[in-house]
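# Architecture at a glance
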Amino acid sequence: AGSVLYGDNAVGGVINIITKKPEKPFSARAEVVGGSYGYHKESGSVGGKWGPLSAILNADYSSTEGYRENGFLRAKNVGGKLTYDLNNDISFNFSGGFHRDDAGFPGGLPEIIYRLHPRVTLHPDDKAQTDDGYGVLGIKAKLWSFGRIEADLSYRHREVSDSFPSFFFEDERTLSTWGFTPKYILEKHLWNFLNKLTLGLDYYKSDSEVKSFFFGSPNRLEVTKKSVGPYILDEFSILDNLILSLGYRHEWVTFNLFQEIPRGKDTSRDQESACNVGLDYLFAKRSSAFFSFKRSFRFPVSDELIQFFPTFQVNPDLKPQTGYHYEAGIRHAFTDQIEANLTLFWIDMRDEIFFNPIVPPFGENANFPKTRRLGFEIGAKFKPLSWLLVWGNYTYIRPELLGEPFS
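So, here is what we can say about the structure in this document.

Here is what the cut-offs are and how they apply
Residue numbers run consecutively from 1 along every chain, following the written order of its sequence. Owing to the predicted nature of the model, reporting of local features is limited to residues with pLDDT of at least 70; listing and counting of side-chain atom pairs is limited to 80 or more, with chain, interface and lining totals taken over all residues. To get the side-chain values, take all heavy atoms of the structure and skip hydrogens and water. Secondary structure elements follow DSSP: runs of H or I of four or more residues count as helices, runs of E of two or more count as strands, with numbering from the N terminus. A simple rule labels every residue: compare its accessible area, found with a 1.4 Å probe on the protein chains alone, to the largest value its type can have, and call it buried under 20%, exposed over 50%, or partly exposed in between. Here, nonpolar core refers to any group of buried Ala, Val, Leu, Ile, Met, Phe, Trp, Tyr and Cys residues whose side-chain atoms link them within 4.5 Å. Throughout, a residue-residue contact means that at least one pair of heavy atoms, one from each residue, lies within 4.5 Å. Only strands that DSSP links by at least two bridges are regarded as paired with each other.

This part takes up unusual backbone geometry. With a phi close to 80 degrees, Asn9 is a non-glycine residue in the positive phi region. Here Asn9 shows up in the loop between helix 1 (3-6) and strand 1 (27-34). Judged by relative accessible area, Asn9 falls into the partly exposed class, the value being 42%. Here Tyr37, not a glycine, exhibits a phi torsion of approximately 55 degrees, which is positive. Among the secondary structure elements, Tyr37 is positioned in the loop between strand 1 and strand 2 (40-50). Here Tyr37 falls in the partly exposed class, since its relative accessible area comes to 40%.

Now for the nonpolar core. Grouped burial of nonpolar side chains is what soluble globular proteins tend to show. Leu221, Val223, Phe255, Leu257 and Ile306 are the most contacted members of the largest nonpolar core, which totals 13 residues. Examining the composition of this core, we find that 3 residues originate from one element, strand 12 (residues 242-259), more than from any other. When neighbours within four sequence positions are excluded, Phe255 is seen to be in contact with Val223, Thr224, Lys225, Asp266, Thr267, Ser268, Pro300, Ser302 and Leu305.

With that settled, the discussion passes to the pairing of strand 4 (residues 73-85). Here 12 bridges tie strand 3 (residues 53-64) to strand 4, and the two strands are oriented antiparallel to one another. In the strand pairing of strand 4, Ala55 is matched with Leu82. Note that strand 4 and strand 5 (residues 90-104) share 13 bridges and pair antiparallel. Across the sheet, residue Arg74 finds its bridge partner in strand 5, namely Asp102. Remark: 4 residues form the turn of the hairpin made by strand 4 and strand 5, two consecutive strands paired antiparallel.

Right, let's talk about the pairing of strand 6 (residues 127-142) for a bit. For strand 5 and strand 6, the ladder comprises 15 bridges, and the chain directions are antiparallel. Residue pairing for strand 6: Gly104 is matched across the bridge by Lys127. Sheet analysis places strand 6 next to strand 7 (residues 148-164), joined by 16 bridges and oriented antiparallel. Across the sheet, the residue bridging to Thr130 is Val160, located in strand 7. Taken together, strand 6 and the strand that follows it, strand 7, pair antiparallel across an intervening segment of 5 residues, in which Trp144 is found at a positive phi of about 55 degrees.

Spatial relationships are all this shows, so hold off on functional conclusions.
This is the structure:
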């Protein structure tokens, strides 16, 4: 979980993509991947550096038929990043991208059909298309011996069209989000021990519009979501090779809803907190062991929060979900050529948000009281020659629903 640094929705983990900064006037790369169920992906990038200015542009296309019938996915991406170093202390960057995908929704199956034919679908025509673009303007500035600041101003616009002929339903959704995420980082010694302090604040404002058609009858819904979340993370070296990390975040969220037919308004406010405690022991140059405990949270998104039956309103029974994550692991370099790692994890979730299909008349989003995920990850790397790297990973996970009616 990454809820302390990233807040809402960072429950299962965070992928933080840091694009390489070009160091040559021109560089390029290309990649082709193939896999099961008709999967293939083609990607490429070009980049360059000219004095204080550097740039990179990337694009990819991927396609798969999926394991289930009508489980296809076609996706296109294009993006890039510009960086300008004003001097050794201040740099500006602008990144942006566009994503489009077409996907099929195979839907659920009754148990008797699932056991006999798990790959079939009862919804062969349910599908969706998504267009998603974003832009981020950022600054990084060193404050000499007083640390550094980093701040991003972002905008994202997303359009989704769904079609569910099996339910006589289709809709068009737009979502526009502004974000401002400043943070302050101070790395200094405390009592001769290295300490890294991170203070930050995340603010987001989203405006959403949903145009739906149910049995041919049109309707329009507007949702405004505002969230603010301050956080603190401190990484303190108790010893030269033992690091203690402590973090905390508190986040507030407000939803304002408006529906055209029947005309109605509603408001929902909530708040949740996240924390983490971790120990990292560095027992060799490229070897370490760790233990961590983290508390995560996830607020309902607007699609989950809205209840249409029996009346339009915020679902009064839907609560934020929270999680308790325990992890321990070790990474060890046996030689300069051989390295291995092992991680064990135990995750308990409370009030996990899921879609319950058996609630009449059309199902509803609800909380499952308690779920658990147990598992481990193991991996190894071997570099027998300077030009050859062999690696492999294995992951096992056992999810459990701890309670009726789906235990």
